[in-house]
Amino acid sequence: MHGLGYTTGVYKPFQTNAPAPIGGFTRIPDFEFFQNVDKFINLQATYLFQDNVSAIVAAEEANSYIDKYVIKRDFEEFSNQQDCTIIDGNGGLLEPVAPSTMTKDIIQCLNIPLLFVITPDSENINNAILSINTSINAGIEVRGVIINDYPTRELTLAEKSFP
């Protein structure tokens, strides 16, 4: 995108399993992946937690609280500086991230559409279908589904026959 004159950013509302800061800098593996794809991608996360557990548990262990309005503020400030902003989410739409907040509540607060990126195994396809239905019932726009990491090997019978 940079080569075409566009600024691109990846925003993560929260990141668990983030390593401890070294010299004031935290090397987040997910962000390192994006930087390896394009060193000009801008990156931001609102909440970083070291524990490799769900966000609600990680926040509690860090004596923190995930606030959807803080996420909204940070996202709007960050996305206003980009031509294209991608939110890298994790967990399911119904996963609690705070005592009275699920992931879908954050998406509704941000008023953004969804694009699901999945691998082609039956569990992920099933989860995508459930997530699409949950999104529709919550009034969240779904833009589509991308099936990524399609195997280059010979497909199993189950993979060939899964609708």
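If you're wondering where the values come from, they're calculated on a predicted model, not measured in any experiment.

> Would you take a moment to explain the pattern of salt bridges for this structure?
Side-chain pairs of opposite charge can arise whenever the charged atoms involved come near each other. In total, this model carries 5 salt bridges according to the counting rule given. Across the salt bridge formed by K12 and D88, the nearest N and O atoms sit 3.1 Å from each other. Linking K12 in strand β1 (residues 8-15) with D88 in the loop between β3 (84-87) and β4 (96-98), this pair joins segments that are 76 residues apart in sequence. Taking the relative accessible area as the measure of exposure, K12 reaches 1% and is therefore buried. For D74, the salt bridge identified is with R73, shortest N-O distance 2.8 Å.

> Mind showing me how you'd approach a nonpolar patch on the surface here?
A contiguous nonpolar patch, built from L115, V117 and I146 and spanning about 260 Å² of accessible area, is present on the exposed surface. Along the chain, the position of I146 falls in strand β7 (residues 142-147).

> Would you mind showing me how to read the layout of surface pockets here?
A probe matching the size of a water molecule, rolled over the atoms, marks out where space remains unfilled. Considered as a void within the structure, the largest pocket measures approximately 1,200 Å³ in volume. Around the largest pocket, the lining comprises 38 residues; the ones closest to its centre are I87, D88, G89, L115 and F116. Those elements giving two or more residues to the lining of the largest pocket turn out to be β1, α3 (68-79), β3, α4 (103-110), β6 (114-118), α5 (122-137) and β7. Here the lining of the largest pocket gets 5 residues from one element, more than from any other, and that element is β6.

> Looking at this model, I keep getting lost on the side chain of D38. Mind explaining?
Inspection of the secondary structure puts D38 in the loop between α1 (29-37) and β2 (42-48). Buried within the structure, D38 lacks any salt-bridge partner; its nearest side chain of opposite charge belongs to K39, at an N-O separation of 7.8 Å. In terms of polar contacts, D38 uses its side chain to reach the backbone amide nitrogen of F40, at 2.8 Å.

> Just checking my understanding: could you explain unusual backbone geometry for this structure?
Trans peptide bonds make up the majority, and among non-glycine residues the majority have a negative phi. Within the chain, N17 stands out as a residue other than glycine whose phi angle is a positive 60°. Of note, N63 is a non-glycine position whose phi angle comes to about 55°, a positive value. Inspection of the secondary structure assignment puts N63 in the loop between α2 (55-61) and α3.

> Is there a simple way to explain the environment of D74 in this structure?
Along the chain, D74 falls in helix α3. Here the alpha-carbon distance between D74 and V57, two residues 17 residues apart in the chain, equals 22 Å. What D74 contacts, discounting residues up to four positions off in sequence, is Y11, Q44 and T46. At 2.8 Å, the side chain of D74 and the side chain of T46 are in polar contact.

How each quantity is defined
- Residues numbered from 1 in each chain as written.
- Predicted model: local features only at pLDDT ≥ 70, side-chain atom pairs only at ≥ 80, totals over all residues.
- Heavy atoms only, no water.
- Salt bridge = Lys/Arg side-chain N within 4 Å of Asp/Glu carboxyl O.
- Helix = DSSP H or I, 4+ residues; strand = E, 2+ residues; numbered from the N terminus.
- Buried < 20%, exposed > 50% of the residue type's maximum accessible area, 1.4 Å probe, protein only.
- Patch = residues over 30% accessible without salt bridge, like charges linked within 9 Å, V, L, I, M, F, W, Y side chains within 5 Å.
- Areas by Shrake-Rupley, 256 points an atom, 1.4 Å probe, with all protein chains shown as cover.
- 1 Å grid on protein atoms, 1.4 Å probe; cavity = no way out; pocket = protein on both sides within 12 Å on 5 of 7 lines; lining within 4 Å.
- Points joined across faces, edges and corners; volume = space filled by probe spheres on them.
- Lys, Arg positive; Asp, Glu negative; His and termini not counted.
- Polar contact = N/O pair within 3.5 Å; in protein donor to acceptor, adjacent residues only side chain to side chain.
- Contact = heavy atoms within 4.5 Å.

These figures capture arrangement, not role.
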